[in-house]
Amino acid sequence: MRRRSFLLGATATAAVAGTAGYYRSRIVETTPDVHYPGMQAGHALRDGAALPVPAASYRHGVAILGAGVAGLSCAWKLAREGYTDFVVVQGPEFAGNAAAGRQGELDYPLGAHYLPLPSMASTHVREMLADFGIIERGAGELRPYYDESILVHSPQERLLRNGRWEDGLLPMTGLPEADVAQHRRFLALIDQLHTQVGSDGRKVFSIPIVLSSQDPAWRALDAMTFKQWLEREGYTSPALHWYLNYCCRDDYGAQYDVVSAWAGLHYFASRDGHAANAGEGAVLTWPGGLAALTDRMRDAINHKLGHTRWLLAGTAVRVTETPAGPLTTCVTDGPTPGAYTVQSGRTVCAVPLFVAQRLLPDIRAYGYEPAVHATSHAPWLVSNFVLEGYPLEAPGEPLSWDNVVYQGRALGYVVSTHQLLRVTRSPRTVFTAYHALSGQTPNAARQWLATASPQALRDEAAADLVAAYGREFWRNARRLDITVRGHAMASPLCGYLSNPGLAALRNVDGPILFAHADLSGYSVFEEASWWGVVAAGRILGEKPPSA
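Residues numbered from 1 in each chain as written. Predicted model: local features only at pLDDT ≥ 70, side-chain atom pairs only at ≥ 80, totals over all residues. Heavy atoms only, no water.

**Student:** I'm lost on the pattern of salt bridges in this one. Help?
**Tutor:** Between side chains of opposite charge, a pair can form when the charged atoms approach closely. Under the defined criterion, the tally for this structure stands at 28 salt bridges. Ionic pairing is found between R158 and E393, a salt bridge with its closest N-O pair at 3.0 Å. In this pair, R158 sits in strand β10 (residues 157–161) while E393 sits in the loop between β17 (377–388) and β18 (402–405), placing the two residues 235 residues apart along the sequence. Residue classification places R158 among the buried positions, given a relative accessible area of 3%. Relative accessible area serves as the criterion here: at 19%, E393 is assigned to the buried category. In this structure, the salt-bridge partner of D481 is R479, at a minimum N-O distance of 3.1 Å. (Salt bridge = Lys/Arg side-chain N within 4 Å of Asp/Glu carboxyl O. Helix = DSSP H or I, 4+ residues; strand = E, 2+ residues; numbered from the N terminus. Buried < 20%, exposed > 50% of the residue type's maximum accessible area, 1.4 Å probe, protein only.)

Pasting the structure below:
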């Protein structure tokens, strides 16, 4: 793999620092606006808060609880196939982990910000992208043709290491030859695993994961951590260990010394999507992240149904099974909280499992024991810095879409305006910094997040930006919005692949259905969308794909 590096020269920095007037303004760190989406509703549900008396009732064939990726995918599939008698109870945040924010003309992500090119196995995603015009032709082919404005623009990613920006995130420059050889060996292994087939004839690593091989020899990797597997296989390079630990923190919100080795390899080996008009490793991205896809799903449903009444404001707080079908009680926010009920023939719980277990009378009836089967959920900070102008870059070192600091406290930052098609770059931009608080237990991190001052959250959010630019970064910052996600994503720790509780919920097919990325043990668009589409298929009488 070719990697360029440029010297971050002290001379160049000093020359700029000496420019007249550059240091005349006083540096002031921006005071953040901090948001905790879903926290108030979640804590009220956990604590058993008293509910208002329902003032309205609705009756529909299907009620979908949650307007995240899974819930919207379920609704999109139903509407696409001509089924119209459904409603979606939005929940505390439309789009959930795919939500976006906006300041003036600038969109930016409040959660997930890109989608890898879908593999051949992810037919549900390919169908969706074709429906939205993102795949322009060849959705069923190995290399579809994509809307070029959505394929990530160059330069795509860079790594700040030893005072230099390098292309790509896997260090290759200035390392001992033995370390470089290990890096190449790992990359060659991943290339091999893209097509590796188990004893049952299935791909070992597929996405969605339920289509992966059941070969015991491969699934045994779930019994050890990714770090243990690396050490067993003779990978000792500190730079490679840093990179793969970074990937686990970025993809799963947990460090590689607790993440399942199967999961660590799966993220790389299952993603083998290609494009006719993009190079290997390309991804799909938008200024507002994956909100572009949830918005398209909403628009497609509106168009199919001819109205917007299918999306109900409010949050589901209780599901009661009755002879007429599930009865869902929902509450609405506002100065005068209210409540309503939805009677349905079938109800899809498209919410995290730690929420579903509090909605239902007893989730154990479905084979899921929370005390035994609940997975760890990682807390995250997603922080959006609205900038007037851009921080100073060293000569010859262009800003990339994704920018990461080697051994940084956080996970780097992406540039929301990178995808804008302009002759000159936008005068204003947003840097979105990501931080999985994986250095402590999830419970300890959540306790800290609940009590930390806005200033403490700001310092944590800005850690990598200050590492890259120094305190001079604050000269350009005009606004900072911090989104705290205390249970952002499920982390695939050792044993998650054979979790019998998750397996039981995946197969539920009755008045209650489950649809959430938690069923896969980790949070990515492809998995969330898969379970939404599977739930819709069951409602439509389709046979679920073989697991």
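**Student:** Honestly, the packing of aromatic side chains in this entry has me stumped. Any pointers?
**Tutor:** The geometry of an aromatic ring pair is captured by the separation of the ring centres together with the interplanar angle, meaning the angle of the planes. If you walk through the whole model with that rule in mind, you get 24 aromatic pairs. Look at F205 and W262: their rings are 5.1 Å apart centre to centre, the planes differ by 45°, and that puts the pair in the tilted class. Remark: W262 occurs in helix α9 (residues 261–269) and F205 occurs in the loop between α5 (177–193) and α6 (216–219); sequence separation between them is 57 residues. The pair F205 / W262 is uniform in exposure class, with both members buried. Here the aromatic rings of W380 and Y434 are separated by 6.3 Å at their centres, their planes lie at 80°, and the arrangement is edge-to-face. Of this pair, W380 sits in strand β17 while Y434 sits in strand β20 (residues 428–436), and the two are 54 residues apart along the sequence. W380 gets classed as buried once you look at its relative accessible area, which sits at 6%. (Phe/Tyr/Trp six-rings, centres within 6.5 Å; stacked < 30°, edge-to-face > 60°.)

**Student:** Whenever I open this one, α9 confuses me. Can you help?
**Tutor:** Across the nine residues that make up α9, a large majority, nine, are buried. When α9 is considered as a whole, its buried residues turn out to be A261, W262, A263, G264, L265, H266, Y267, F268 and A269. Each element contacted by the buried residues of α9 is listed here: β7 (114–116), α5, α6, α7 (226–232) and α8 (238–252). Where α9 begins, one side-chain oxygen reaches toward the backbone nitrogen of W262, 3.1 Å away; that side chain belongs to S260. (Contact = heavy atoms within 4.5 Å. Polar contact = N/O pair within 3.5 Å; in protein donor to acceptor, adjacent residues only side chain to side chain.)

**Student:** Explain the environment of R80 to me, please; I cannot follow it from the model alone.
**Tutor:** Relative to the helices and strands, R80 is located in helix α3 (residues 69–80). Residue classification places R80 among the partly exposed positions, given a relative accessible area of 31%. Taking C-alpha positions, R80 is 35 Å from S154, a pair spaced 74 residues apart along the chain. Apart from the residues within four sequence positions on either side, R80 is in contact with E127, D131 and K304.

**Student:** Quick question: what am I supposed to make of the pairing of β17 here?
**Tutor:** When a strand is regular, its side chains alternate between the sheet's two faces. The buried fraction of β17 is high, at 11 of 12 residues. The sheet contact formed by β17 and strand β21 (residues 477–490) spans 10 bridges and is antiparallel. Within the sheet, the bridge partner assigned to S383 lies in β21 and is I482. For β17 and β20, the ladder comprises nine bridges, and the chain directions are antiparallel. Its bridge partner being in β20, L387 is matched across the sheet by T429. (Pairing = 2+ DSSP bridges.)

**Student:** Just to check I follow, could you spell out the pairing of β21 for this structure?
**Tutor:** Of all 14 residues in β21, 10 are buried; the element is thus mostly enclosed. Where strand β2 (residues 33–35) meets β21, three bridges bridge the pair, whose relative direction is parallel. Paired with D33 across the strands is D481, a residue of β21.

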